[in-house]
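Read off the chains here:
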Amino acid sequence: MAHNVLVVGELAGGSPTSTTLELLGGAQGLAAGGSVSVALLGTGASAAAAKAAGASKAFVSDDAGYDAVKAEQWLAALEVAVDQSGADLVLIAQSSAGREIGPRLAARKKTAVAMDCAKIEDAGGLKFTRPAYGGNALATYSIATSPAIATVRAKSFEEATGAGAGEVVQLPAAGASRTNITGMEKAVSAGLQITDATVVVSGGRGLGAPEGFKVVEELAAAIGNDKAAVGASRAAVDLGWYPPSQQVGLTGKVVNPDLYIAVAISGASQHMAGCSGSKTIVAINRDKDANIFGFAKYGIVGDWKAIVPALIEEIKKAK
Amino acid sequence: MHIVVCAKQIPDPETPPSAFKIDAANNKVIPAQGIAPVLSQFDGIAAEAALRIKEANAGSKVTVISMGAESAQAAIKQVLAMGADEGVLLNDPAFEDGDSHTTATVLAAAIKKLGNVDAVFCGRQAADWDMGQVGLLVAEDLGWPVAIIAKGVAMGGAGLQVQRVLENGFESLETPLPAVVTVSNEFGEPRYPKLPQIMAAAKKTVTNWKLGDLGLDAGAVGKAGSRLKLEKLFIPEKGGKVELMEGDTPQAQAAALVARLQADKIL
Ligand SMILES: Cc1cc2nc3c(=O)[nH]c(=O)nc-3n(C[C@H](O)[C@H](O)[C@H](O)COP(=O)(O)OP(=O)(O)OC[C@H]3O[C@@H](n4cnc5c(N)ncnc54)[C@H](O)[C@@H]3O)c2cc1C
Ligand SMILES: Nc1ncnc2c1ncn2[C@@H]1O[C@H](COP(=O)(O)O)[C@@H](O)[C@H]1O
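Residues numbered from 1 in each chain as written. Chains lettered and ligands numbered in written order. Predicted model: local features only at pLDDT ≥ 70, side-chain atom pairs only at ≥ 80, totals over all residues. Heavy atoms only, no water.

Here we come to the site of ligand 2. Residue and element names in this part refer to chain B. Lining the immediate environment of ligand 2, one finds 17 residues, of which Cys6, Asp43, Ala126, Gly132 and Gln133 sit closest. Measuring from an oxygen atom of ligand 2, one finds a backbone N or O atom of Gly123 at 2.9 Å. One of the backbone N or O atoms of Met131 is found 3.4 Å from an oxygen atom in ligand 2. Grouping the amino acids of the shell around ligand 2 by side-chain chemistry returns nine nonpolar, six polar and two charged. (Near = heavy atom within 4 Å. Polar contact = N/O pair within 3.5 Å; in protein donor to acceptor, adjacent residues only side chain to side chain. Nonpolar A, V, L, I, M, F, W, Y, C, P; charged D, E, K, R; others polar.)

Here we take up the domain arrangement of chain A. All names here are of chain A. Annotation of chain A at the domain level lists domain 1 (5-170) and domain 2 (199-318). A separation of 32 Å is found between the C-alpha centroids of domain 1 and domain 2. Opposite the nine residues of domain 1 that make contact, domain 2 presents seven residues. Interface of domain 1 and domain 2: buried area, both sides summed, is about 670 Å²; carbon and sulfur atoms make up 45% of it. Taken as a group, Gly134, Arg153 and Lys155 account for 60% of the area that domain 1 buries against domain 2, more than any other trio of residues on that side. The interface formed by domain 1 and domain 2 holds zero salt bridges in total. (Domains from an automatic or database assignment. Contact = heavy atoms within 4.5 Å. Buried area = accessible area lost by both parts, 1.4 Å probe. Salt bridge = Lys/Arg side-chain N within 4 Å of Asp/Glu carboxyl O.)

It is worth spelling out the sheet that holds strand β11 (residues 148-152) of chain A at this point. All names here are of chain A. Read across the open sheet, the seven strands follow the order β7-β11-β6-β1-β4-β5-β12; overall the sheet is parallel. At either end of the open sheet lies a strand with only one pairing partner, and these are β7 (113-117) and β12 (167-170). Averaged over all neighbouring strand pairs, the angle between strand axes comes to 20°, with direction disregarded. Pairing of strand β1 (residues 5-8) with strand β4 (residues 36-41) involves four bridges; the strand directions are parallel. Of the residues in β4, the one forming a bridge with Leu6 is Ser37. Together, β1, β4, β5 (57-61), β6 (89-93) and β12 form the strand contacts of helix α3 (residues 71-85), whose direction differs from that of β4 by roughly 160°. (Pairing = 2+ DSSP bridges. Helix = DSSP H or I, 4+ residues; strand = E, 2+ residues; numbered from the N terminus. Axes fitted to C-alpha atoms, helices over the stretch in contact; angles between N-to-C directions.)

For the rest of this paragraph, the subject is unusual backbone geometry. With an omega of 0°, the peptide bond running from Ser146 of chain A to Pro147 of chain A counts as cis. Looking at where Pro147 of chain A falls in the secondary structure, it is placed in the loop between β10 (137-143) and β11. In this model, Leu177 of chain B is joined to Pro178 of chain B through a cis peptide bond whose omega is -5°. Even without glycine at this site, Lys110 of chain A takes up a positive phi of about 50°. Looking at where Lys110 of chain A falls in the secondary structure, it is placed in the loop between α4 (96-108) and β7. Given a relative accessible area of 58%, Lys110 of chain A falls into the exposed group. Positioned with a positive phi, Ile149 of chain B is a non-glycine residue whose angle comes to about 55°. (Buried < 20%, exposed > 50% of the residue type's maximum accessible area, 1.4 Å probe, protein only.)

One pass over the full model with this rule turns up 25 salt bridges over all chains. Here Lys54 of chain B ties to Asp85 of chain B by a salt bridge, and the two come within 3.0 Å at their closest N and O atoms. Separated by 31 residues along the polypeptide, Lys54 of chain B in helix α1 (residues 41-56) and Asp85 of chain B in the loop between α2 (73-82) and β7 (86-90) bring together distant segments of the chain. On the basis of relative accessibility, which here comes to 27%, the residue Asp85 of chain B falls in the partly exposed class. Several salt bridges share partner residues, and in doing so they unite Glu72, Glu79, Glu100, Arg104, Arg108 and Arg178 of chain A together with Glu140 of chain B into one network.

Attention now moves to the packing of helix α5 (residues 212-223) of chain A against helix α8 (residues 304-318) of chain A. Residue and element names in this part refer to chain A. Packing of α5 against α8 brings their axes to within 9 Å, and their N-to-C directions diverge by 20°. In this view, α5 runs roughly parallel relative to α8, as classed from their interaxial angle. For the crossing formed where α5 meets α8, the hand is left-handed. Between α5 and α8, the residues in contact are Gly212, Val215, Glu218, Leu219, Ala222 and Ile223 and Trp304, Val308, Leu311, Ile312, Ile315 and Lys316, respectively. (Parallel < 35°, antiparallel > 145°, perpendicular 65-115°, else oblique. Left-handed = near helix turned anticlockwise from the far one by under 90°.)

According to the domain assignment, chain B contains domain 1 (2-225) and domain 2 (240-267). Centre-to-centre separation of domain 1 of chain B and domain 2 of chain B, based on C-alpha positions: 47 Å.

This paragraph deals with the interface of chain B and chain A. Each side of the interface is counted separately: chain B has 70 residues, and chain A has 77 residues. Regarding the contact of chain B and chain A, the summed buried area is about 6600 Å², with carbon and sulfur atoms giving 59% of it. Scanning the region where chain B abuts chain A turns up three salt bridges. Where Asp264 of chain B meets Lys297 of chain A, a salt bridge forms, and the shortest distance between an N and an O atom there is 3.1 Å. On the surface where chain B and chain A come into contact, there are 28 residue pairs in polar contact (both at pLDDT 80 or more). Mapped onto the side of chain B that touches chain A, the elements with two or more residues apiece are α4 (134-142), β9 (146-156), β10 (159-166), β11 (169-176), β14 (228-234), β15 (243-244) and α8 (250-263) of chain B. For the side of chain B that touches chain A, the element with the highest residue contribution is α8 of chain B, accounting for 10 residues. Of the residues contributing to the side of chain B that touches chain A, the split by class is 38 nonpolar, 14 polar and 18 charged. Strand direction decides the pairing type here: β10 of chain A and β14 of chain B, joined by six bridges, are antiparallel. In the sheet register, Thr140 of chain A faces β14 of chain B, and the bridge partner there is Lys232 of chain B.

It is worth spelling out α8 of chain B at this point. All names here are of chain B. If you check α8, its first and last C-alpha atoms are 20 Å apart, about what 14 residues at 1.5 Å a residue would give, namely 20 Å. Every buried residue belonging to α8 is among Gln253, Ala254, Ala256, Leu257, Val258 and Leu261, and all of these are buried. Directly after α8, the chain includes Lys265, whose backbone phi takes a positive value near 60°. (Expected span 1.5 Å × (residues − 1).)

A word on the packing of aromatic side chains. In the structure shown here, the tally under the stated rule is three aromatic pairs over all chains. Taking the centre distance of 4.3 Å and the plane angle of 10° together, the rings of Phe213 of chain A and Tyr242 of chain A count as stacked. In this pair, Phe213 of chain A sits in helix α5 while Tyr242 of chain A sits in the loop between α6 (234-238) and β16 (259-263), placing the two residues 29 residues apart along the sequence. For Tyr242 of chain A, a relative accessible area of 14% gives the class buried. Here the aromatic cluster, defined as three or more aromatic residues joined through ring pairs, consists of Tyr133 of chain A together with Phe20 and Trp129 of chain B. One cation-aromatic arrangement involves Lys232 of chain B over Phe234 of chain B; the distance from NZ or CZ to the ring centre is 4.4 Å. (Phe/Tyr/Trp six-rings, centres within 6.5 Å; stacked < 30°, edge-to-face > 60°. Lys NZ or Arg CZ within 6 Å of the ring centre and 35° of its normal.)

Shown next, in the form of structure tokens:
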């Protein structure tokens, strides 16, 4: 069936983020003859509309008031975009902003949102599949009300291709917000982000101490700092060994690299929910019964303190 | 300052994956034998955040509310043992098999009935269905501002000052009261109640409100009021069988791995 799909876009450096392009790719497929629109808010939005591949119409406001997402301001604009686009499906990234906007938009439109979807298909009606029970299960939902709203995990769809939006509709400037942002502290690792890297090397509680991450970083560097980034399990993040921005998993980031190396990580379902889509998983763990080996293609049973330095040597040799 | 903590009882998320079973005919999780349900972890952290504000602001009060089965009394008692003042169980067959929206409808009705509430603290997500939306829906129902995924929250400024965890860093946010805050694990560990507190909490009576007490329509709650319909619940397939790298030394094992990854054209 044809659907009118509205994608809630996000901008980075004046361009739609890769997740926005993925949502547009998903929207292209699901529209099946219906329309694809995109909403873009903040500095450079009008210019970015031309880069929103797959969208025929863009609802934009260049007002800088939208730059730091204050959800109440976004919601007011998005309600207008939903009404004017005639959307029966709204796609939002499962991002910091999307996690807040999805449910609140659903409440305002008297409909429902399926959070953190990994798959959306039209199989006799729209079906939304998402992990539940910490990734132990998958749950498929339908939504009885319109528009159906979904927040979507990164890498769930291929990026859209083709021309950007030809028609641009202006949305009002940012209105009032009861909440007020008083400070912002960036805390991401310099260089390659785990969500973009082709190789992610992650460390867990089994590293035993924060210094263990130095060795994990050396492993990433041996593979190449242009390819590999370092992630962490929540146990390691909660211990303060590595920043939350690097956490992989259900309550962290979703990564789908070509190669995921899990060092001293048990492979709890909540961790795997963030990396099980990786093409190849390698596990280094001293417990041969660790859950991670159930997901790994290759494994080494042993102490990381011996294995990882040896692996660094072998990778350097092979280069 | 009167803070309401929304606390949910859930199957223990630390249940080993091998003991995790689904009743496919009814799309329900089969409770694992011998593993008791627990207070959802993030809700314990939300309670900790509320109790720290209570301790720092004389005359404050913390009420814990939970919608669920009779057994959810245990989750309420746990938060009472931590130091909360009062507990309310929202238990009625009409509330069963609902969605996030109907859960929020029930919780918001209870908060309105309590009256004089300055803030509602929720977990960032319930660690069973991992939706992360009930706190936001409660805020929309009450018409209050909301701050989600907090790693710090204290009274100050216009009302509450909240540090939020974003994907690329931390945001400081100020919100007037009344407001809803959802709390994340970055906040820190909840306190562990001591035996005398557990015994004192055991003696406390928990108020029980049903559909009629909340003045809600049976059609607005539970399965009848749901907008999100669960069609299918299933266990995903795991990857293939792992190939373990043999070798007498770490060097040999590492070399074997590098050879495989090169053959696969990954390295
Ligand atoms: C709602 C919810 C959400 C969650 N979200 C996330 C999430 O987003 N991300 C996440 O990661 N977790 C998440 N968790 C936590 C998750 O359940 C696990 O507790 C966590 O992933 C465990 O981290 P770990 O594997 O590093 O630690 P552990 O489980 O302690 O495992 C450590 C591993 O290291 C191995 N080891 C120890 N020493 C050595 C050594 N010398 N050499 C080699 N191996 C060694 C051990 O054999 C063990 O397998 C969540 C939990 C809940 C309830
Ligand atoms: N049945 C319930 N009873 C009390 N609080 C709940 C209930 N369900 C959800 N909550 C609260 O809402 C938060 C988010 O839940 P969810 O949207 O289901 O992930 C939880 O962490 C709780 O604080």
